[in-house]
Amino acid sequence: GSWTGFQSHCFEDNSGFLILYREMRAPESGCVRLHFVNPLRLKFTSLSDGSEGGEKPAGQDCLEVQLEAPGSFRLYKYETLEELEMVAGQEGQRC
């Protein structure tokens, strides 16, 4: 079993969405490789439930994930922490 995911990335502001699926025989936790975001520090927000999203450190292209139930999924929105700090209180064009 393995983990499956799809990533949608906006290059304008380095934000995006990530949906992860834990296949039936996959372990409870795993490492999912992300694209286009290695040098960025990211904040993840779960859109599919009330769980905590977490952060990805800069320089790491693998996101540690955990889903307790086999066959479950989670949808995340991600944003760069640098972008969030720079535009705090300002309106900007977002994808």
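Up top is the structure.
Everything numeric here is computed off the predicted structure, so don't read it as measured data. (Residues numbered from 1 in each chain as written. Predicted model: local features only at pLDDT ≥ 70, side-chain atom pairs only at ≥ 80, totals over all residues. Heavy atoms only, no water.)

> When you look at a nonpolar patch on the surface in this model, what are you seeing that I'm missing?
Among the surface-exposed residues, Phe6, Tyr21 and Phe73 lie close enough to one another that they form a single nonpolar patch of about 330 Å² accessible area. Following the sequence through the fold, tyrosine 21 ends up in strand S2 (residues 15-22). (Patch = residues over 30% accessible without salt bridge, like charges linked within 9 Å, V, L, I, M, F, W, Y side chains within 5 Å. Areas by Shrake-Rupley, 256 points an atom, 1.4 Å probe, with all protein chains shown as cover. Salt bridge = Lys/Arg side-chain N within 4 Å of Asp/Glu carboxyl O. Helix = DSSP H or I, 4+ residues; strand = E, 2+ residues; numbered from the N terminus.)

> Even after reading the chapter, I still don't get the packing of aromatic side chains, so can you show me in this structure?
The description of an aromatic ring pair uses the distance of the two centres, along with the angle that the planes make with each other. Considering all chains together, one arrives at five aromatic pairs under this definition. Measuring from centroid to centroid gives 6.3 Å for tyrosine 21 and phenylalanine 73, while their planes differ by 40 degrees, and the two rings are tilted. A residue pair is termed long-range when its members are at least 10 positions apart, and tyrosine 21 in strand S2 and phenylalanine 73 in strand S7 (residues 73-80) qualify at 52 residues. Owing to a relative accessible area of 34%, tyrosine 21 belongs among the partly exposed residues under this scheme. The exposure class of phenylalanine 73 is partly exposed, given its relative accessible area of 45%. With centroids separated by 5.8 Å and ring planes inclined at 85 degrees, the aromatic side chains of phenylalanine 44 and tyrosine 76 adopt a geometry described as edge-to-face. A residue pair is termed long-range when its members are at least 10 positions apart, and phenylalanine 44 in strand S4 (residues 42-46) and tyrosine 76 in strand S7 qualify at 32 residues. (Phe/Tyr/Trp six-rings, centres within 6.5 Å; stacked < 30°, edge-to-face > 60°. Buried < 20%, exposed > 50% of the residue type's maximum accessible area, 1.4 Å probe, protein only.)

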